[in-house]
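# Breakdown of the fold
Next come the chains, spelled out residue by residue.
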Amino acid sequence: MPDSANAKYHFASDNTSGICPEAWQAFDEANRGFHPSYGDDEITRQACESFRSFFEADCDVYFVFNGTAANSLSLATLCQSYHSVIAGDLSHCETDECGAPEFFSNGSKLLLAKTQHGRLDPADVQRLITSRTDLHFPKPRGLTLSQSTELGTTYQPAQLKELTSLAHQHGLRVHMDGARFFNALAALDCAPADITWRAGIDVLCCGGTKLGMAVTEAVVFFDRALGQEFAWRCKQAGQLCSKMRFISAQWLRMLGDDVWRRHATHGNALARRLAAGLSALPGAEILYPVDANAVFAKLPETIKEALKAKGWRFYSFIGGGSRFMCSWAVTEQDVDALIADAAAAAA
Ligand SMILES: *Cc1c(COP(=O)(O)O)cnc(C)c1O
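Residues numbered from 1 in each chain as written. Predicted model: local features only at pLDDT ≥ 70, side-chain atom pairs only at ≥ 80, totals over all residues. Heavy atoms only, no water.

In total, this model carries 20 aromatic pairs according to the counting rule given. With centroids separated by 5.6 Å and ring planes inclined at 80°, the aromatic side chains of Phe181 and Phe182 adopt a geometry described as edge-to-face. The class of Phe181 is buried, set by a relative accessible area of 0%. Overall, the relative accessible area of 2% leaves Phe182 in the buried class. On the basis of an interplanar angle of 40° and a centroid distance of 6.3 Å, the ring pair of Phe182 and Trp251 is categorised as tilted. Taken together, the residues span a long stretch of sequence, with Phe182 in helix α8 (residues 181-188) and Trp251 in helix α10 (residues 245-255) at a distance of 69 residues. Residue class for Trp251 comes out buried when judged on its relative accessible area of 0%. Taking NZ or CZ as reference, Lys8 lies 4.8 Å from the ring centre of Trp312, over its face. (Phe/Tyr/Trp six-rings, centres within 6.5 Å; stacked < 30°, edge-to-face > 60°. Buried < 20%, exposed > 50% of the residue type's maximum accessible area, 1.4 Å probe, protein only. Helix = DSSP H or I, 4+ residues; strand = E, 2+ residues; numbered from the N terminus. Lys NZ or Arg CZ within 6 Å of the ring centre and 35° of its normal.)

Structure representation (structure tokens):
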């Protein structure tokens, strides 16, 4: 589709931004000399070690290129083809992965649970787990939830525990889609372990790209038995990077020195600033709590049209409103410029 020359993609997604300076520098530093390939190098070993310190756990770590691969390959470790995975009705793995979770699991069905502000409704999860136990229905064996959610909210540790205990009681394993894990972690101000394995998460897809890195997500198995043959799955799916050190070097840098925290906190703070500005406009309404780096707003048509005419690009097909994402690269000036354009239209 042709686009106007003045198009501004700052808030359209957190992956319209570039690569953050730290990841870029790590990439450059990895570009020296010769190293073993396919992850058999020292930088990759260090990066995996740094994940283990970060999570205070003896976890097993793999790097893949994107979130769809991370989610669908890790979900496939939970299931046989005749099993099912319970997912939120708005979850990325249901709405935006082109059937990859079903494809890579050879047919495990996704069962959709109701969500409240993006969070799984435990009562509906319970209903899905217990409603059918006969052999004509795919047996629930996995539960997936997103942290932060597709609507920019987060789960508190206790909310996670409620869902994971329910799942574990019935023999299901729990997967966390953490495409925006670091935004949630920065917002919740707790230890990484508190919203993962200590809260009952068995496997985490830990998002690098939206945080500001280049082409990488980490799959972290807290239950190492689940990850036993994961390397083969990755290779077969075309997700094994031969020059792995370029990916590992970025992770090493982002996990060290709290670089992740700076970028995630920045995005979250700008989302709150944007929400405050938009909510002051006549007829505008913020639809969900702004826990992380997303703002969903119901805006009068006049404001939406004016923003589009000024070049601002944003999605209107998720969550029943206009979505604005704040990445590491968006500035206070960008936020204020968007608010000023919206205010001018409202006046
Ligand atoms: C962006 C995103 C992903 C990853 O998507 P890819 O385009 O496959 O990298 C996964 N889950 C959620 C919730 C996302 O927003």
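There is more to say, and it comes next.
Position of Ala193 relative to the elements: it lies in the loop between α8 and β8 (203-207). On the basis of relative accessible area, Ala193 is assigned to the buried category, the value being 0%. Residues Ala193 and Thr115, spaced 78 residues apart in sequence, show a C-alpha to C-alpha distance of 24 Å. Among all residues touching Ala193, those that are not within four sequence positions of it are Phe55, Glu56, Arg198 and Ala199. (Contact = heavy atoms within 4.5 Å.)

A few words now on helix α1 (residues 21-29). What α1 keeps buried is the set Glu22, Ala23 and Ala26. End-on, the buried residues of α1 take up no more than an arc of 95°, which puts them together on one face. Pointing more than 90 degrees away from the buried face of α1 are the exposed residues Pro21 and Trp24. Close packing links the buried residues of α1 with α10 and α11 (259-279). (Arc of directions from axis to C-beta.)

This paragraph deals with the sheet that holds strand β9 (residues 217-221). If you walk across this open sheet you meet the 7 strands as β1-β9-β8-β7-β6-β2-β3, and the pairing is mixed. Each of the sheet's edge strands pairs with one partner strand only, and the pair in question is β1 (60-64) and β3 (109-113). Here the strands of the sheet are splayed against their neighbours by 25° on average, with no regard to which way each runs. Here 5 bridges tie β1 to β9, and the two strands are oriented antiparallel to one another. (Pairing = 2+ DSSP bridges. Axes fitted to C-alpha atoms, helices over the stretch in contact; angles between N-to-C directions.)

This part covers helix α13 (residues 332-346). Because an α-helix packs 3.6 residues into every turn, residues spaced three or four apart end up facing the same way. For α13, built from 15 residues, the straight-helix expectation of 21 Å at 1.5 Å per residue is met to within 8% by its first-to-last C-alpha distance of 21 Å. Of all the residues in α13, the buried ones are Asp334, Val335, Leu338, Ile339, Asp341 and Ala342. Summarising the axial view, the buried residues of α13 lie within an arc of 155°, below the 170-degree limit, and thus occupy one face. For α13, the exposed residues set more than 90 degrees away from the buried face come down to Gln333 and Ala344. Those residues of α13 that are buried are in contact with α11, α12 (301-309) and β12 (322-325). (Expected span 1.5 Å × (residues − 1).)

Okay, the pairing of β1 next. When you tally the buried positions in β1, you get 5 out of 5 residues, the bulk of the element. Side-chain alternation along β1 places Asp60, Tyr62 and Val64 on one buried face and Val61 and Phe63 on a second face that is also buried.

Near the ligand, the surroundings consist of Asn66, Gly67, Thr68, Asn71, His92, Glu150, Asp177, Ala179, Arg180 and Lys210. Separating a nitrogen atom of the ligand from a side-chain N or O atom of Asp177 is a distance of 2.6 Å. When the ligand sits alone it has 380 Å² of accessible area, and the protein chains cover 81% of it. With 3 residues, the top contributor of residues to the shell around the ligand is helix α3 (residues 67-76). Of the residues assigned to the shell around the ligand, the class counts are 1 nonpolar, 5 polar and 4 charged. (Near = heavy atom within 4 Å. Polar contact = N/O pair within 3.5 Å; in protein donor to acceptor, adjacent residues only side chain to side chain. Areas by Shrake-Rupley, 256 points an atom, 1.4 Å probe, with all protein chains shown as cover. Nonpolar A, V, L, I, M, F, W, Y, C, P; charged D, E, K, R; others polar.)

It is the contact of helix α6 (residues 122-130) with helix α7 (residues 157-169), at a shortest axis distance of 10 Å, that shows an interaxial angle of 10°. Looking at the two axes, α6 sits roughly parallel to α7. The residues of α7 that touch α6, namely those facing Pro122, Val125, Gln126 and Ile129, are Glu162, Leu163, Leu166 and Ala167. Considering only residue class, the contact of α6 with α7 consists of 6 nonpolar, 1 polar and 1 charged. (Parallel < 35°, antiparallel > 145°, perpendicular 65-115°, else oblique.)

Spatial ordering of the open sheet is given by β10-β11-β12, a layout of 3 strands whose pairing is antiparallel. Looking at the sheet topology across the chains shown, the edges are occupied by β10 (285-286) and β12. Both β10 and strand β11 (residues 294-298) contribute to a ladder of 2 bridges, which runs antiparallel. Paired with Ile286 across the strands is Ala297, a residue of β11.

With that settled, the discussion passes to the domain arrangement of the chain. What the domain assignment lists for the chain is domain 1 (4-17 + 259-346) and domain 2 (21-257). The gap between the C-alpha centroids of domain 1 and domain 2 is 27 Å. Every contact between the two is made by 24 residues of domain 1 and, on the other side, 26 residues of domain 2. Of the roughly 2,100 Å² buried where domain 1 meets domain 2, counting both sides, 59% is carbon and sulfur surface. The largest share of the area that domain 1 buries against domain 2 comes from Val259, Trp260 and Asp291, three residues that together contribute 33% of it. (Domains from an automatic or database assignment. Buried area = accessible area lost by both parts, 1.4 Å probe.)

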